[in-house]
There are 2 protein chains.
Amino acid sequence: MMRHFDKAFILEVESSFRREFVNCLSGYKSLNLIGTKNSLGVSNLSPFSQVFHIGATPPLVGILFRPHSVERHTLENILETGYFTLNHVTEDFYREAHQSAARYSGSEFDAIGLEEEYLEDFFAPFVAKSRVKVGCRFVESQTLKFNGTELLIGGIEHVWVDEKGLRTDGSLDLNALGTVTVSGLDEYHLGTKLARLSYPKPGKELEEI
Amino acid sequence: MMRHFDKAFILEVESSFRREFVNCLSGYKSLNLIGTKNSLGVSNLSPFSQVFHIGATPPLVGILFRPHSVERHTLENILETGYFTLNHVTEDFYREAHQSAARYSGSEFDAIGLEEEYLEDFFAPFVAKSRVKVGCRFVESQTLKFNGTELLIGGIEHVWVDEKGLRTDGSLDLNALGTVTVSGLDEYHLGTKLARLSYPKPGKELEEI
């Protein structure tokens, strides 16, 4: 049975219902811990569900920073130092990832007990336990007119990936890596593969690849 | 065992490897079929993995359109008519969703055999089978400086959701709804819940909610 909600209902309902509801409408989201360090050497770690693919040549990622959110420490550190890391979250430490969103005054790595790691002289800290680690350099940011959301573009400089999740065609097996996905504000999931499908062309049957 | 790839390797490797690899780095992605109709009345349907939450008050979604992609028909229809729909994809029709990315000359609904549906006099077509349907109105678009990616903002006007997936707090149970998530270019997954976690505060133990 389908339930219908119009915009007037959404605007009038209790704000916590609205926040949960609207946040779930896009579907499953990526989950990355972003690691940064400020110019005083204090590291920072924060969970993000708004990291997305921007291009492969050159390799670029985008991050959306909502206005007035606590995640702004991450944005400030990136703008100040030019570097950040993306770290996939697994079942082993999704609770720590969630907890790292709390408002700590010092480093979240220490506060939540996740080990930080420095690789190849890269400035920003990685999460030692993570099985996909991406080192990025600040490229550009842009404030969006409508509501002050900040879109930041990062260039991918380094990738470390657990070889058990790397296929010969370059794709990652996120199930094998144990990468976690998030829905809404606070719900964590593992993925279970249905299929990989061949390139779609009119009149051609899809095949599993 | 971790494997390391630097930017030079990524830029020099075969382009298909690079495309697969970089596309997977952000993690799991949302999957929505976007329904539109042009001013001649021809409907269009296309799968998108770059739909994300922008705000709840007012309720807004964002979509990234890569430059020079086939998905530009969707963008043109939205700019021309002002309306589009988001439709969650389930296990029942993820193959049709994938196939709808093929370059058809007429309506993808007819070509792939998914029934289109019109609700509440909303201009753009919904996917009849979908269990989460969102009717959106064009608000604003912005071309990003670095590579011509278009960021489009839509205002949520209507939502239909299967009541079996709607919780009393407003959140959606995406597992119960059977919503599919995508990784890379062509790999589809179901989600399996690990937990919902309480709001994180320093010094407070997380609880499952």
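Per chain, residues are indexed from 1 in the order of the written sequence. For this description, chains carry letters from A and ligands carry numbers from 1, given in the order in which they are written. Totals for whole chains, interfaces and linings use every residue, but because this is a predicted model, local features are given only for residues with pLDDT of at least 70 and side-chain atom pairs only at 80 or more, for both listing and counting.

1. So, the overall build of chain A
Working step 1: Helix and strand assignments come from DSSP, with helices taken as H or I runs of at least 4 residues and strands as E runs of at least 2, each series counted from the N terminus. When helices and strands are counted, chain A shows six helices and twelve strands.
Working step 2: Counting only C-alpha atoms, chain A reaches 55 × 50 × 35 Å along its principal axes.
Working step 3: Partly exposed residues are those whose C-beta has more than 12 but fewer than 20 other C-beta atoms within 10 Å; with 20 or more the residue is buried, with 12 or fewer it is exposed, and the C-beta atoms are placed from the backbone. Looking at chain A as a whole, 51% of its 209 residues qualify as buried.
Working step 4: C-beta atoms are placed from the backbone for every residue, and two residues are taken to be in contact when these atoms lie within 7 Å. Put simply, 60% of the contacts in chain A that link residues at least 6 apart link residues at least 24 apart.

2. Regarding the environment of Gly135 of chain B
All names here are of chain B.
Working step 1: Take Gly135: it is sitting in strand 9 (residues 132-143).
Working step 2: A sequence separation of 46 residues divides Gly135 from Thr181, and the C-alpha atoms of the two residues are 20 Å apart.
Working step 3: The contact partners of Gly135, leaving out residues within four places of it in the chain, are Thr85, Phe122, Ala124, Glu157 and His158.

3. Overview of the pairing of strand 3 (residues 43-48) of chain A
Residues and elements named next belong to chain A.
Working step 1: Counting buried residues in strand 3 gives five out of six residues, a clear majority hidden from the surface.
Working step 2: In this structure, strand 2 (residues 32-37) lies alongside strand 3, joined through six bridges in antiparallel fashion. What sits directly across from Thr36, in strand 3, is Asn44.
Working step 3: Between strand 2 and the antiparallel strand that follows it, strand 3, lie five residues; Gly41 among them carries a positive phi value of about 95°. Strands are treated as partners if at least two bridges between them are detected by DSSP.

4. What to know about the relation of the copies chain B and chain A
Working step 1: The two copies are related by a screw operation: chain B maps onto chain A through 180° of rotation and 0.0 Å of translation along the axis, at an RMSD of 0.0 Å. The symmetry that links the two subunits is that of a two-fold axis. Residue Gly191 of chain B, judged by its C-alpha, is the member of chain B lying nearest the rotation axis, at 2.3 Å.
Working step 2: A symmetric contact is evident, with 100% of the interface residues of chain B recurring at the interface of chain A. When the copies are superposed, the least-squares fit draws on C-alpha atoms of residues that have pLDDT of at least 70 in both.

5. Overview of the pairing of strand 9 of chain B
Residues and elements named next belong to chain B.
Working step 1: Pairing of strand 6 (residues 83-88) with strand 9, which is carried by five bridges, proceeds in the antiparallel orientation. In the sheet register, Leu86 faces strand 9, and the bridge partner there is Val134.
Working step 2: Two elements, strand 9 and strand 10 (residues 150-162), share eleven bridges in a ladder whose sense is antiparallel. Counted as the bridge partner of Gly135 is His158 from strand 10.
Working step 3: Counted between consecutive antiparallel strands, the loop separating strand 9 from strand 10 contains six residues, among which Gly148 sits at a positive phi close to 80°.

6. Side note on the interface of chain B and chain A
Working step 1: With 96 residues of chain B in contact, the opposing surface of chain A contributes 96 residues.
Working step 2: The element that contributes the greatest number of residues to the side of chain B that touches chain A is strand 12 (residues 187-196) of chain B, accounting for ten residues.
Working step 3: Across the side of chain B that touches chain A, the residue classes tally to 48 nonpolar, 27 polar and 21 charged.
Working step 4: As paired elements, strand 10 (residues 150-162) of chain A and strand 1 (residues 2-6) of chain B share five bridges and run antiparallel to each other. Following the sheet pairing, Trp160 of chain A is matched in strand 1 of chain B by His4 of chain B. The nonpolar class holds Ala, Val, Leu, Ile, Met, Phe, Trp, Tyr, Cys and Pro. Asp, Glu, Lys and Arg form the charged class, and all remaining residues, Gly among them, are polar.

7. Some remarks on helix 2 (residues 15-24) of chain B
Working step 1: For helix 2 of chain B, the full list of buried residues reads Arg18, Glu20, Phe21, Val22, Asn23 and Cys24 of chain B.
Working step 2: In this structure, the buried residues of helix 2 of chain B make contact with strand 4 (51-56), strand 5 (59-65) and strand 10 of chain A together with helix 1 (7-12) and strand 11 (180-183) of chain B.

8. Focus on helix 3 (residues 72-81) of chain A
Structural remark: α-helix, 3.6 residues per turn; residues separated by three or four positions point the same way.
All names here are of chain A.
Working step 1: The set of residues buried in helix 3 consists of Thr74, Asn77 and Ile78. One side of helix 3 holds all its buried residues, which, seen down the axis, span an arc of 100°.
Working step 2: Considering only its buried residues, helix 3 is in contact with strand 2, strand 3, strand 6 (83-88), strand 9 (132-143) and strand 10.
Working step 3: Just downstream of helix 3 lies Gly82, where phi reads positive at about 90°. Note that the arc is defined by the directions from the helix axis to the C-beta atoms.

9. Describing unusual backbone geometry
What you tend to see is this: most non-glycine residues have negative phi, and most peptide bonds are trans.
Working step 1: In this structure, Pro58 of chain A follows Thr57 of chain A across a cis peptide bond, with omega equal to -5°.
Working step 2: Topologically, Pro58 of chain A is positioned in the loop between strand 4 and strand 5.
Working step 3: In the Ramachandran plot, Asp121 of chain A falls in the positive-phi region, its phi being about 60° despite a non-glycine side chain.
Working step 4: Since 5 C-beta atoms lie within 10 Å of it, Asp121 of chain A is described here as exposed.
Working step 5: In this structure, Glu120 of chain B takes a positive phi of about 55° despite not being glycine.
Working step 6: Relative to the helices and strands, Glu120 of chain B resides in the loop between strand 7 (116-117) and strand 8 (126-127).

10. Topic: the environment of Ser16 of chain A
Residues and elements named next belong to chain A.
Working step 1: Within the secondary structure layout, Ser16 lies in helix 2 (residues 15-24).
Working step 2: Residue Ser16 is classed as partly exposed on the basis of its 13 C-beta neighbours within 10 Å.
Working step 3: Separated by 131 residues in the primary sequence, Ser16 and Asn147 place their C-alpha atoms 20 Å from one another.

11. As for the sheet that holds strand 12 of chain B
Working step 1: Strand order in this open sheet of four strands is 11(A)-12(A)-12(B)-11(B), and the pairing throughout is antiparallel. Of all the strands in the sheet, the pair left with one neighbour each is strand 11 (180-183) of chain A together with strand 11 of chain B. For this sheet, the mean inter-axis angle between neighbouring strands, taken without regard to orientation, is 50°. For every element, the axis is a line fit to its C-alpha atoms; helices are fit only across the contacting stretch, and the angle between N-to-C directions ranges from 0 to 180 degrees.

12. Some points on the nonpolar core
Working step 1: With 104 residues, the main nonpolar core has Val61 and Ile156 of chain A together with Val61 and Ile156 of chain B as its most contacted residues.
Working step 2: In this structure, Ile156 of chain A is in contact with Pro59, Leu60, Val61, Val134 and Cys136 of chain A together with Lys7, Ile10 and Val22 of chain B, ignoring residues within four places of it in sequence. The nonpolar core criterion groups buried Ala, Val, Leu, Ile, Met, Phe, Trp, Tyr and Cys residues into a set whenever they are joined through C-beta atoms within 7 Å.

13. A closer look at the environment of Leu86 of chain B
Residues and elements named next belong to chain B.
Working step 1: Tracing the sequence through the fold places Leu86 in strand 6.
Working step 2: Among the residues examined, Leu86 registers 28 C-beta atoms within 10 Å and is labelled buried.
Working step 3: Placed 84 residues apart in sequence, Leu86 and Gly170 show a C-alpha to C-alpha distance of 18 Å.
Working step 4: With sequence-adjacent residues up to four places away left out, Leu86 is seen in contact with Asn32, Ile34, Val51, Val61, Val134 and Cys136.

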